[in-house]
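Here is how the chains run, residue by residue.
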Amino acid sequence: MKTQFIYGPVPSRRLGRSLGVDLVPYKVCSYDCIYCQLGQTTEKTIERKPYIPVEKILDQLYQKLKQDIRADFITLAGSGEPTLNSEIKLLIHEIKKHTDIPVVVLTNGSMLGDIKVRKSLMEADVVAPSLDAYNQEGFEIINRPHPGISFKTMVEGIVAFSKEYSGKIWLEVFVIDNLNSDETDAIKFKYWIDRINPQKIHINTAVRPSAETSVRQASPEKLAVFCRVLGEKAKVIAPFKDLDKCDMQKTDIENELLNLIARRPCTLDDISSGLNVHKNEIIKYIEPLSRNNAIRAVKKGDALYYESTSTR
Ligand code: SF4
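Residues numbered from 1 in each chain as written. Predicted model: local features only at pLDDT ≥ 70, side-chain atom pairs only at ≥ 80, totals over all residues.

**Quick word on unusual backbone geometry**
Basically, it comes down to this: In this text, helices come from DSSP runs of H or I with a minimum length of four residues, and strands from runs of E with a minimum of two, each type numbered from the N-terminal end.
That bond from Gly8 to Pro9 is cis: its omega, 10 degrees, falls within 30 degrees of zero. Checked against the element boundaries, Pro9 lands in strand β1 (residues 6-12). Omega for the peptide link from Tyr26 to Lys27 comes to -20 degrees, which places this bond in the cis form. Following the sequence through the fold, Lys27 ends up in the loop between β2 (16-22) and β3 (28-29).

**Description of the site of the ligand**
Going by this rule: We call a residue near a molecule or strand when its C-beta atom, built from the backbone, sits within 6 Å of it. Under the scheme applied here, ten amino acids are nonpolar (Ala, Val, Leu, Ile, Met, Phe, Trp, Tyr, Cys and Pro), four are charged (Asp, Glu, Lys and Arg), and all others, including Gly, are polar.
The environment of the ligand is formed by Cys29, Tyr31, Asp32, Cys33, Cys36, Leu38, Thr41, Gly80, Glu81 and Asn108. Here the residues of the shell around the ligand sort into 5 nonpolar, 3 polar and 2 charged.

**As for the environment of Val236**
Defined as follows: Each residue gets a C-beta atom placed from its backbone, and two residues are in contact if those atoms lie within 7 Å.
Positionally, Val236 belongs in strand β10 (residues 234-236). Separated by 12 residues in sequence, Val236 and Ala224 have C-alpha atoms that sit 7.6 Å apart. Discounting residues that sit within four places of it in the chain, Val236 has contacts with Ile203, Leu223 and Cys227.

**Some details on the domain arrangement of the chain**
What counts is decided by this rule: Residue ranges labeled as domains rest on an automatic or database domain assignment.
Looking at the chain, the domain boundaries give domain 1 (6-236) and domain 2 (250-308). Taken over C-alpha atoms, the centre of domain 1 sits 24 Å from the centre of domain 2. Each partner contributes to the interface: domain 1 provides 13 residues, whereas domain 2 provides 13 residues. A total of 5 residues in the side of domain 1 that touches domain 2 trace back to one element, the largest contributor, which is β1. Its residues assigned to classes, the side of domain 1 that touches domain 2 comprises 6 nonpolar, 6 polar and 1 charged.

**Focus on helix α9 (residues 268-275)**
Each full turn of the α-helix corresponds to 3.6 residues, which orients residues three or four apart in the same direction. The condition is simple: Using C-beta atoms placed from the backbone, we call a residue buried if 20 or more other C-beta atoms fall within 10 Å of its own, exposed if 12 or fewer do, and partly exposed for counts in between.
A large share of α9 lies buried, amounting to 6 of its 8 residues. Those residues of α9 lying buried are Asp270, Ile271, Ser272, Ser273, Gly274 and Leu275.

**Looking at helix α1 (residues 54-65)**
Stated precisely, the cut-off is as follows: A helix is expected to reach a length of 1.5 Å times the quantity of its residues less one. Here, the arc refers to the directions that run from the helix axis to the C-beta atoms.
Taking 1.5 Å of rise per residue, 12 residues should cover 16 Å, and α1 covers 16 Å from first to last C-alpha, within 8% of that figure. For α1, the complete set of buried residues consists of Val54, Ile57, Leu61 and Lys64. Take α1 and look down its axis: the buried residues cluster within an arc of 95 degrees, on one side only. In this structure, α1 carries Glu55, Lys56 and Gln63 as exposed residues pointing more than 90 degrees from its buried face. The secondary structure elements touched by the buried residues of α1 are β1, β2 and α2 (88-98).

**Focus: the environment of Leu58**
Mapped onto the elements of the fold, Leu58 is located in helix α1. Distance from Leu58 to Phe139, taken between C-alpha atoms, is 34 Å for residues 81 residues apart in sequence.

Shown next as structure tokens:
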């Protein structure tokens, strides 16, 4: 099967309809976060190289855009850390020449200590880095970074980027119950977040199955405390709700469904919104795929998620 570097548009709680672009193979990342929805990192690295050549990505992206899809963002992220792809600057430049759809880079922020990486993101409309810890100890527990990255290098890199970049910065803070979820934690985060001064602060928690089963969702009350401490720019990311009538060919649905959940576990609602297909129709595909062990259902809290049984 041909490797797909483009997926979606998928529903995103931060971005609406997000047309995803993979810049690195599964799962090349500088971190191995305990909450990662993609599972454990298989190649922990800080080596930058053209993991996936830009021309291959652009070729598939342009084909996708010809299909008259509706996307709120082209999202550079995918199966690991996108700034590890040394051609990300060229990729953003070429996408901006081709389409008006805004480009967002979802990054863990680990490489922003490198001025070359900071310069490579200047043409993006939005850069959305993560900040899940406020000191070295928490950084090691939650993000399990490559030994070449310290908390200080990472956070000072994000601060430096925020001063140089003229686009929007949407910072994500991932809150895990009993690890970084108390009011005292929120106050310590605030010191760094004030220095970064992002346009938006997205407070997230473990609503999907994580790399480590011990990761617990923070309660809405705890997330509300974060919002109060961090001020009016902070908001808890609301569940995605948008459903239009079906506009996809039936023959594409199974492939798109497998493509979508190969990247992250999704609920029935997520799949329905992402593929723009009614839930009742999706169920017709889920049942035989489950019977054939191509996908499996995983319970998380009250929600049922579907995930792929194969590793890409
Ligand atoms: S959550 Fe993101 S940064 Fe963390 S391990 Fe997964 S892909 Fe890497």
